[in-house]
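Residue strings, one per chain:
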Amino acid sequence: MQRILNKIKEYDCIIIHGHKRPDGDCYGAQFGLKNIIESSFPEKNVYVVGEKSDFVDFIGKMNNITDDAYENALSIVVDTAVQDRISDPRYIKGKEVVKIDHHIPVDDYGDLRWVDTSFPSCAQMIAYFYYKFKNELKLTLDGAIALYTGIVTDTGRFRFRGVSKLTHQLAGMLIEKGVDVEYIDNKLSQESLDMIALKGYVYSNFVTTDGFIYIKMTRDVIEKYSVTDEQAASMVGLIGGIQGYPVWALMIEYPNEIRIRLRSNGPTIDKLANLYGGGGHAKASGAKLEGWEQLPAFIKDVEDVVRKYKEEL
Ligand SMILES: [Mn+2]
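What counts, and where the lines are drawn
Residues numbered from 1 in each chain as written. Predicted model: local features only at pLDDT ≥ 70, side-chain atom pairs only at ≥ 80, totals over all residues. Heavy atoms only, no water. Buried < 20%, exposed > 50% of the residue type's maximum accessible area, 1.4 Å probe, protein only. Helix = DSSP H or I, 4+ residues; strand = E, 2+ residues; numbered from the N terminus. Pairing = 2+ DSSP bridges. Domains from an automatic or database assignment. Donors = N, O, S within 2.8 Å, 3.2 Å for Na, K, Ca; no water. Polar contact = N/O pair within 3.5 Å; in protein donor to acceptor, adjacent residues only side chain to side chain. Phe/Tyr/Trp six-rings, centres within 6.5 Å; stacked < 30°, edge-to-face > 60°. Lys NZ or Arg CZ within 6 Å of the ring centre and 35° of its normal. Core = buried A, V, L, I, M, F, W, Y, C linked by side-chain atoms within 4.5 Å. Contact = heavy atoms within 4.5 Å. Lys, Arg positive; Asp, Glu negative; His and termini not counted. Salt bridge = Lys/Arg side-chain N within 4 Å of Asp/Glu carboxyl O.

Draft legend 1. Summary view of the pairing of strand β5 (residues 112–115). The alternating pattern of β5 places Leu-112 and Trp-114 on a buried face, while none of Arg-113 and Val-115, on the opposite face, is buried. Both strand β4 (residues 96–101) and β5 contribute to a ladder of 4 bridges, which runs parallel. Across the sheet, Ile-100 pairs through a bridge with Trp-114, a residue of β5.

Draft legend 2. Examining the domain arrangement of the protein chain more closely. By domain assignment, the protein chain separates into domain 1 (2–189) and domain 2 (193–312). Here the C-alpha centre of domain 2 lies 34 Å away from the C-alpha centre of domain 1.

Draft legend 3. Representation of the coordination of the manganese ion within the structure. Only Asp-25 (OD), Asp-79 (OD), His-102 (NE2) and Asp-154 (OD) from the protein reach the manganese ion as donors, at distances of 2.1 to 2.4 Å. For the manganese ion, all donor residues lie on one chain, and their spacing in sequence is D-x53-D-x22-H-x51-D. Within this pair, whereas Asp-25 is found in helix α2 (residues 24–40), its partner His-102 is found in the loop between β4 and β5, the two being separated by 77 residues in sequence. Side by side, Asp-25 and His-102 carry an identical accessibility label, which is buried.

Draft legend 4. Summary view of helix α3 (residues 122–132). Burial analysis of α3 places 9 of its 11 residues in the buried class, which makes it a mostly covered element. Inspection of α3 places Cys-122, Ala-123, Gln-124, Met-125, Ile-126, Ala-127, Tyr-128, Phe-129 and Tyr-130 among the buried residues, and these make up the whole buried set. Its side-chain oxygen placed 3.0 Å from the backbone nitrogen of Gln-124, Ser-121 serves as the N-cap of α3.

Draft legend 5. Focus on the packing of aromatic side chains. Within this structure, the stated rule accounts for 13 aromatic pairs. Relative to Phe-119, the ring of Trp-114 has its centre 6.2 Å away and its plane inclined at 80°; by these criteria the two rings are edge-to-face. By the burial criterion, Trp-114 is buried, and Phe-119 matches it. Through successive ring pairs, a cluster of aromatic residues spans Trp-114, Phe-119, Tyr-128, Phe-129, Tyr-131 and Phe-133. Over the ring of Tyr-254 we find Arg-219, and its NZ or CZ is 5.5 Å from the ring centre. Across from the ring centre of Tyr-254, 3.9 Å away, lies the NZ or CZ of Arg-259, which sits over that ring.

Draft legend 6. Just the nonpolar core, in detail. In terms of nonpolar packing, the biggest core is built from 51 residues, with Ile-8, Ile-76, Ile-100 and Leu-174 touching the most fellow members. When residues in this core are grouped by element, the largest group, 8 residues, is from α3. Once residues within four sequence positions are removed from consideration, Ile-76 is found in contact with Ile-8, Ile-14, Ile-15, Ile-16, His-17, Leu-33, Val-98 and Ile-100. Core analysis: the second largest hydrophobic core is formed by 21 residues, Tyr-225, Val-236, Leu-250 and Tyr-254 among them.

Draft legend 7. Region of interest: the side chain of Lys-99. Here Lys-99 is to be found in strand β4. One buried charged side chain, Lys-99, makes no salt bridge at all; its nearest oppositely charged neighbour is Asp-108, positioned 4.6 Å away. A distance of 3.2 Å separates a polar side-chain atom of Lys-99 from the backbone oxygen of Asp-107. With residues near it in sequence (within four places) discarded, Lys-99 still touches Val-77, Thr-80, Ala-81, Pro-105, Asp-107, Tyr-109, Leu-112, Arg-113, Trp-114 and Val-115.

Draft legend 8. Spatial organisation of the pairing of strand β1 (residues 13–17). Summarising burial for β1: 5 of the 5 residues are buried, a large majority. Of the two faces of β1, the one lined by Cys-13, Ile-15 and His-17 and the one lined by Ile-14 and Ile-16 are each fully buried. Pairing of β1 with strand β2 (residues 45–48) involves 4 bridges; the strand directions are parallel. Counted as the bridge partner of Cys-13 is Asn-45 from β2.

Draft legend 9. Looking closely at unusual backbone geometry. A positive phi angle is found at Asp-88, which is not glycine, with a value near 75°. The phi torsion at Ser-226 lies on the positive side, around 35°, for a residue other than glycine. The topology assignment puts Ser-226 in the loop between α8 (219–224) and α9 (229–233).

Structure, rendered in structure tokens:
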């Protein structure tokens, strides 16, 4: 961290990158860091670049910069483990590259790296960075809002594993800076009418079998509610955690295949997902069917997994 601070001091121009399809944590870390550097060193030029996100647009606006800005500039990439996923590939044009991330490392890019998977969000790393050097760094309300939003979104509002005493201490520090908790919650809780209507569809049309619950997202449903495939897929959590149904799935129809998001809070399901052209984590995997005609076989395989799990309990 000291070496990163030294690098920041060394450069007059600092350009902060995040990942493709940025989320609240990516924005929070990018704009939080920008605020810290700008407030502490007003003579420096600091830019935030990369893809935009409407969801967390209230945090700040991306800068449009030309290639020559990278000359003698320091690139800092936050919240990104895979080099391919860095948004705005020009980061490489920076004179030096710093990586700050909380994911399990995939690509060891960067001249200087601070990677710590014990942090539940990258924004918390930036908040901690400020806290560590608070005698020489400044952070204003805008930066505190960014960092708080990043922490809140990546921890599922302080619910996920990794949330610690430090998380709450740093969140408290940000509230002390003037963060309005309710304002941020309101911003993050905004939903379109289409999404609410689609939730209604999911709640009225899920199918239950023996210990397994699923929802089909056919093309006509996705079109009817005018949502993106990604938004439709995000509905998988709605049918999770239901008593008696330790495994659940959301199935999206594509022209040549059915893509499944398979979830569990009981048996491990990644081996099953392997059988259907997928895989992932023990309790969260992806899988594929060639068409709906394969669904009965898939359901039977899931039921077998659930049955074995219940027998072993
Ligand atoms: Mn993150």
